[in-house]
Amino acid sequence: IVGHLQRTTVKEYGAELLTRSHMVFELQGALDGDARHGVLMAHYQPQVDFTHGTLIGMEALVRWQHPVRGMVFPNSFIPLAESTEKIYQLDMLVLVQVCRDMRGWLDAGLPVVPVSLNFSRRSLLHPQVIADLTAELERYAIPGHMLEFEVTESQLLETVELVAPRVAEFRELGARIAVDDFGTGYSNLDAISSFPFDRLKVDRQFVSGVAGSEKVAGLFQLIQGISELFKAELLCEGLEEEADLLWLAAHGADRVQGWYFSAARTPDAIVRILTALRDRAADEQPLSVAQLRA
Ligand code: C2E
Ligand code: MG
Ligand code: MG
Ligand code: MG
């Protein structure tokens, strides 16, 4: 029996390895623009301030439209891209698309809002990143302050002595820095205080269910206090339920991103949202919560 089990395990492991290396091969193809391996493209998820009734930004989230697998979500290929050193190419591909999309929206006279991009630690620390970022901003004539770079708390706080000077270089270009998935790392306050950041994104686990759990609510308020201490803007991720929205409203947390308002949308859908915003700009009224739900 043991022998049989071992054979099965080895066989399955072999199949897994084949799948993994095949996926790496396909990912490289997609990164190089070979459409046989599908297309990598960013969708955008709106970020709103529901108290002031405004669209405050959008987060670019990469999707892999694969001819056989269909839409593949980042959690199944970002770690692979990170471990095989393809992540810089991927993050730059998204950056270029974002700059190109924003240029198109600006040229069409649409009310463009800042876009947040996810950057892996490896991309943030890449020796070429400042030169490449500067070149893309110039190529598409996008002001640096229209971009924000999100790095997860755990990746950002690892070796701050390397990260801090690079964060400063991003901010010199006008770009903003956000700490993503805050509360899921070690939340090392000493490390966090060693460089300036603009926004703290509260992880979904401290937002979802906040209305119904004293523990979640307590942790949320702790994070809110940290954001105030560091004078960083707070943005809540993963809001799905109205009860949680009401709780956040009562606790002064106005900036949110989540399926309650909208999931990530294709660039075409974003054009429709921005067009609707432009066409109503004349009558100054802030948008209601219902109107913000795209
Ligand atoms: P993240 O940056 O924390 O992004 C938020 C994730 O939560 C996204 O998943 C988003 O679609 C999802 N989400 C948004 N609202 C809700 C909600 O109300 N409920 C729930 N359950 N989920 C919600 P997604 O798009 O699958 O991305 C997963 C992660 O992949 C991202 O987490 C980010 O860390 C990474 N990622 C995405 N795009 C890129 C990229 O271009 N480069 C890099 N390096 N990482 C990326
Ligand atoms: Mg993010
Ligand atoms: Mg997050
Ligand atoms: Mg995340």
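Rules behind the numbers
- Residues numbered from 1 in each chain as written.
- Chains lettered and ligands numbered in written order.
- Predicted model: local features only at pLDDT ≥ 70, side-chain atom pairs only at ≥ 80, totals over all residues.
- Heavy atoms only, no water.
- 1 Å grid on protein atoms, 1.4 Å probe; cavity = no way out; pocket = protein on both sides within 12 Å on 5 of 7 lines; lining within 4 Å.
- Points joined across faces, edges and corners; volume = space filled by probe spheres on them.
- Helix = DSSP H or I, 4+ residues; strand = E, 2+ residues; numbered from the N terminus.
- Core = buried A, V, L, I, M, F, W, Y, C linked by side-chain atoms within 4.5 Å.
- Buried < 20%, exposed > 50% of the residue type's maximum accessible area, 1.4 Å probe, protein only.
- Contact = heavy atoms within 4.5 Å.
- Phe/Tyr/Trp six-rings, centres within 6.5 Å; stacked < 30°, edge-to-face > 60°.
- Lys NZ or Arg CZ within 6 Å of the ring centre and 35° of its normal.
- pLDDT = per-residue confidence, 0-100.

Student: What exactly am I supposed to notice about the layout of surface pockets here?
Tutor: Once rolled over the atoms, a probe with the size of a water molecule shows which space is left empty. Counted as a void, the largest pocket has a volume near 1,100 Å³. Along the walls of the largest pocket sit 38 residues, with Glu 59, Leu 61, Pro 74, Asn 75 and Asn 118 positioned nearest its centre. Breaking the lining of the largest pocket down by element, the ones donating at least two residues are strand S1 (39-49), strand S2 (54-66), helix H2 (78-83), helix H3 (87-107), strand S4 (115-118), strand S5 (147-152) and strand S6 (176-182). In terms of residues, the lining of the largest pocket owes the most to one element, S2, which gives five residues. The volume enclosed by the second largest pocket comes to roughly 230 Å³. Lining of the second largest pocket is provided by 13 residues; of these, Gly 53, Thr 54, Leu 277, Arg 280 and Leu 287 occupy positions nearest its centre. Counting only elements with at least two residues in the lining of the second largest pocket, the list comes to S2 and helix H11 (267-280).

Student: Whenever I open this one, the nonpolar core confuses me. Can you help?
Tutor: Side chains of a nonpolar character, in soluble globular proteins, are inclined to be buried together. Within the largest apolar cluster, 88 residues are counted, with the highest numbers of intra-cluster contacts made by Phe 77, Trp 105, Leu 147, Phe 149, Phe 220 and Leu 248. Broken down by element, this core gets its largest block of residues, 11 residues, from H3. Setting aside chain neighbours within four positions, we find Phe 220 in contact with Val 202, Phe 206, Val 207, Val 210, Leu 234, Cys 236, Trp 247, Leu 248 and Ala 253.

Student: How do you make sense of the packing of aromatic side chains when you look at a structure like this?
Tutor: Aromatic rings in a pair are described by how distant their centres are and how their planes are angled relative to each other. Tallying each qualifying case throughout the model produces eight aromatic pairs. Arranged with centres 5.2 Å apart and planes meeting at 65°, the rings of Tyr 44 and Trp 105 form a pair that is edge-to-face. Note that Tyr 44 is positioned in strand S1 and Trp 105 in helix H3, a separation of 61 residues in sequence. Given a relative accessible area of 0%, Tyr 44 falls into the buried group. On the basis of relative accessible area, Trp 105 is assigned to the buried category, the value being 4%. Residues Phe 119 and Phe 170 carry aromatic rings whose centres are separated by 6.3 Å and whose planes lie at 80° to one another, so their mutual orientation is edge-to-face. Here Phe 119 is found in the loop between S4 and helix H4 (121-124), whereas its partner Phe 170 is found in helix H7 (residues 160-172), with 51 residues between them in sequence. The class of Phe 119 is buried, set by a relative accessible area of 3%. An aromatic cluster is present here, built from Phe 119, Phe 149 and Phe 170 joined pairwise through their rings. The ring of Tyr 260 carries Arg 293 above its face, with NZ or CZ at 3.8 Å from the centroid.

Student: Where do I start with the confidence of the model for the protein chain in this structure?
Tutor: Taken over all residues, the pLDDT of the protein chain has a mean of 93, while the share at 70 or more is 94%. Scored below 50 in pLDDT, residues 1-8 makes zero contacts in the model with residues more than four places away or belonging to other chains. Interface predicted TM-score (ipTM) for the complex: 0.99; the corresponding pTM is 0.94.

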